[in-house]
Amino acid sequence: MKNIVLILSVFLSFSCKAQSTISLEQAYQYSKTSDGIPTTVTYVKDINNKLDQFVGTWKGSYNGKNYEFQFIKKINFGEHSIKWDEIVGRFIIKDNTGTVQYNSISEVDDSKTRFRGIKLQNRAYIMSFVGNYDCLESGNVFIETRKNNPNEMILFYSQDKDGLLNPAKCPNFSSFVPLLPQEKIVLTKQ
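Reading the values: rules and limits
- Residues numbered from 1 in each chain as written.
- Predicted model: local features only at pLDDT ≥ 70, side-chain atom pairs only at ≥ 80, totals over all residues.
- Heavy atoms only, no water.
- Helix = DSSP H or I, 4+ residues; strand = E, 2+ residues; numbered from the N terminus.
- Salt bridge = Lys/Arg side-chain N within 4 Å of Asp/Glu carboxyl O.
- Buried < 20%, exposed > 50% of the residue type's maximum accessible area, 1.4 Å probe, protein only.
- Core = buried A, V, L, I, M, F, W, Y, C linked by side-chain atoms within 4.5 Å.
- Contact = heavy atoms within 4.5 Å.
- Pairing = 2+ DSSP bridges.

Chemist: Is there a simple way to think about the environment of Ala 124 in this case?
Modeler: Considering the arrangement of structural elements, one finds Ala 124 in strand E8 (residues 124–130). Along the backbone, Ala 124 and Arg 146 are 22 residues apart, and their C-alpha atoms lie at a distance of 9.9 Å.

So this is what it looks like as structure tokens:
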């Protein structure tokens, strides 16, 4: 009887180990393959603390607008079979008179910010952002701290070009200005 219990214990311990944790760097390498992340992976962890460099409040200005971003690191996050360590973003935009043009800073529900991490790619971290989707405002935001000055960050927004535009929901599409600039902007850590 003791042997059966011992064999079952060993079997269960190996079964539990079939669920595995990989690093963000490994997840990126898997993303470049046709198979993707193995089905045995249950957690993509920031083992090397690469996301910590992005955490905090960052400010910058561009084209007469002032931007303030808050990046928060979430641990073991998500609703799918694979949990991730990732960054969730919130931001506020003010024009040069101080008038607020957009504000997600006070949003407490992470899913409603529609601004969250996708993957770490070498030194850059890629996040997904959805603003006014009816005007095709969605895409990837690339953030990267400067190698020689970790208190400066470069932010770049690459707007999706594909999608179905409904002119009734975005009548001013030809003059619509996305929330985030499509040029690189420099942010300073606060």
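Still more ground to cover, so stick around.
Chemist: Is there a simple way to explain the pattern of salt bridges in this structure?
Modeler: A side chain with one charge may pair with a side chain of the opposite charge, provided their charged atoms come close. If you walk through the whole model with that rule in mind, you get eight salt bridges. Its salt-bridge partner being Arg 90, residue Asp 110 comes within 2.6 Å of it at the nearest N-O pair. Of this pair, Asp 110 sits in helix H3 (residues 110–113) while Arg 90 sits in strand E5 (residues 83–95), and the two are 20 residues apart along the sequence. By relative accessible area, Asp 110 is classed as buried at 15%. In this structure, Arg 146 engages Glu 152 in a salt bridge whose closest nitrogen and oxygen atoms are separated by 2.9 Å.

Chemist: Is there a simple way to explain the nonpolar core in this structure?
Modeler: Across soluble globular proteins, you tend to see nonpolar side chains buried next to one another. Residues Phe 69, Phe 71, Phe 129, Val 141 and Ile 143 are the most contacted members of the largest nonpolar core, which totals 31 residues. Here this core takes four residues from E5, the largest share from any one element. Ignoring any residue separated from it by four or fewer positions in sequence, one finds Phe 129 in contact with Phe 91, Tyr 102, Arg 114, Phe 115, Glu 137, Ser 138, Gly 139, Val 141, Tyr 157, Leu 179 and Leu 180.

Chemist: I tried to follow the pairing of strand E3 (residues 56–62) on my own but got confused; where do I start?
Modeler: Successive residues of a regular strand alternate their side chains across the two faces of the sheet. Inspection of the sheet shows E3 paired to strand E4 (residues 65–77) by seven bridges, in the antiparallel sense. Along E4, the bridge assignment pairs Trp 58 with Phe 69. Taken together, the two bridges between E3 and strand E11 (residues 185–189) define a ladder with antiparallel strand orientation. Each residue of the ladder has a partner; that of Trp 58, found in E11, is Lys 189.

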